[in-house]
Amino acid sequence: MRLPPHILVVNGIKVRRPVFLVGAPHSGTDLLARALKRSPGFHVTMGRASVAHVVYAFARKPSIARTSGAVRVMRDALAEAWQVLPRSCGDCAESCREAGGVTGTGPCVAAADITRFGDGSPDLLYSAPVLLQAFPDARFVQLIRDGRDVVADMLDDPACLAWFKPGMLSDQTEFPNAFLGVNKDEHLDRWKGMPAAGKSALRWRSAVRQSAELRRTLPADQLLTLRYEDLVLKPAQAVATLAEFLETRVSKVVMYGTDVPRVGAWTSRLRRGDLELVEKVAREELKRLGYLKKR
């Protein structure tokens, strides 16, 4: 099969079929990223500043992602993130350093061993159209998780809650805004008055709608959708599916860690009022995905 021409060279290596892990917050992309970091030949980054700055600029102002320069900006950001330098891991997020077993400043991988690149940065989902333009041969793995478990984890995550603070809405923030889950300008005042559980539910709802759009637009050989619940409860089967899709060996060791969020934790972690709000806001998507019984 004839390979498409390479677009980017990093560390002297042609970037072909890079892998991007996408999903709502706390849907398990970090778990998959840790697994892929253990896969032979893979260099997977998570939350590097160069990528985060671009992702959140697109999230605040989606119109930027539709400009002619967006592809170049994204490509340059990932090229910077994937560079292997003597102290490159010093700029990584703690989650990425921990996943790579880094105790110093790095690097976590030898450039000579790299054959393939990937990224599992938070909220990468909202940049998926730009990523596809930047890397037409990219592979996407998207994670779907019960929105109630997602909200329970978001409510315990200061980084997620920070986006709900009034100061985070700048003059540059555009509406409608898929990142925040606000569909129309006139809904903004209602959003501002919602409890954090409702705002978190809107973010999950918007993310799964974005994921559904990816399924409609990408061919089967470029997109794999996995359920978080299968990843945790049936790790051998889920990892085998992922390995076949990516044509590489994938470690399932990280799936058995004691720190892996358990399935159905929302039953004890969400207050009744928060649960009712989440199920009201995201009822349609929870039902469509089989997390909420139709009635």
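See the structure above.
Let me sum up the structure you'll find in this document. (Residues numbered from 1 in each chain as written. Predicted model: local features only at pLDDT ≥ 70, side-chain atom pairs only at ≥ 80, totals over all residues. Heavy atoms only, no water.)

Here we come to the sheet that holds strand β3 (residues 19–23). With parallel pairing, 5 strands are arranged side by side in an open sheet as β4-β5-β3-β6-β7. Looking at strand neighbours, the two that pair on one side only are β4 (42–45) and β7 (223–227), the edges of this open sheet. Taken pair by pair, the neighbouring strands of this sheet meet at an average axis angle of 20°, ignoring direction. Inspection of the sheet shows strand β6 (residues 139–144) paired to β7 by 5 bridges, in the parallel sense. In the sheet register, L143 faces β7, and the bridge partner there is L226. (Pairing = 2+ DSSP bridges. Helix = DSSP H or I, 4+ residues; strand = E, 2+ residues; numbered from the N terminus. Axes fitted to C-alpha atoms, helices over the stretch in contact; angles between N-to-C directions.)

Tallied over the entire structure, the rule returns 2 cavities of 30 Å³ or more. There is about 60 Å³ of room inside the largest cavity. Lining the largest cavity we find A59, R60, W163, M168, L169, T173, N177, F179 and L180. When its residues are assigned to classes, the lining of the largest cavity shows 6 nonpolar, 2 polar and 1 charged. (1 Å grid on protein atoms, 1.4 Å probe; cavity = no way out; pocket = protein on both sides within 12 Å on 5 of 7 lines; lining within 4 Å. Points joined across faces, edges and corners; volume = space filled by probe spheres on them. Nonpolar A, V, L, I, M, F, W, Y, C, P; charged D, E, K, R; others polar.)

Most of β6 is tucked away: 6 of the 6 residues are buried. Neither face of β6 is left uncovered, since the one carrying R139, V141 and L143 and the one carrying F140, Q142 and I144 both have all their residues buried. Two elements, β3 and β6, share 5 bridges in a ladder whose sense is parallel. Counted as the bridge partner of G23 is L143 from β6. (Buried < 20%, exposed > 50% of the residue type's maximum accessible area, 1.4 Å probe, protein only.)

Before going further, it helps to spend a moment on the layout of surface pockets. Roughly 460 Å³ of internal volume is contained in the second largest pocket. Around the second largest pocket, the lining comprises 22 residues; the ones closest to its centre are L125, Y126, P129, A178 and Q210. Elements supplying a minimum of two residues to the lining of the second largest pocket: α2 (49–60), α5 (128–134) and α9 (196–217). Of all the elements, α5 adds the most residues to the lining of the second largest pocket, at 5 residues. Its residues assigned to classes, the lining of the second largest pocket shows 15 nonpolar, 5 polar and 2 charged.

Now for the pairing of β4. The alternating pattern of β4 places F42 and V44 on one face and H43 and T45 on the opposite face, and all of these are buried. As paired elements, β4 and strand β5 (residues 116–119) share 4 bridges and run parallel to each other. Opposite V44, over in β5, you have G118 as the bridge partner.

The linkage connecting F175 with the following residue, P176, adopts the cis geometry, with an omega of 5°. Mapped onto the elements of the fold, P176 is located in the loop between α7 (158–162) and α8 (188–192). Despite not being glycine, R17 has its phi angle at roughly 45°, a positive value. For R17, the position within the fold is in the loop between β2 (13–14) and β3. The backbone of E247 sits at a positive phi, close to 55°, despite the residue not being glycine. Relative to the helices and strands, E247 resides in the loop between α11 (235–246) and α12 (266–269). Judged by its relative accessible area of 62%, E247 falls in the exposed class.

Below, the discussion takes up the pattern of salt bridges. Applying the stated criterion across every chain, the model contains 13 salt bridges. The salt bridge involving E279 is made with R148; its shortest N-O contact spans 3.1 Å. Taken together, the residues E279 in helix α13 (residues 272–281) and R148 in helix α6 (residues 147–154) connect sequence positions 131 residues apart. Summarising the burial analysis for this pair, E279 and R148 share the class buried. Two residues, D156 and R269, come together in a salt bridge whose shortest N-O distance is 2.7 Å. Pair noted here: D156 is in the loop between α6 and α7 and R269 is in helix α12, with a separation of 113 residues, a long-range link. (Salt bridge = Lys/Arg side-chain N within 4 Å of Asp/Glu carboxyl O.)

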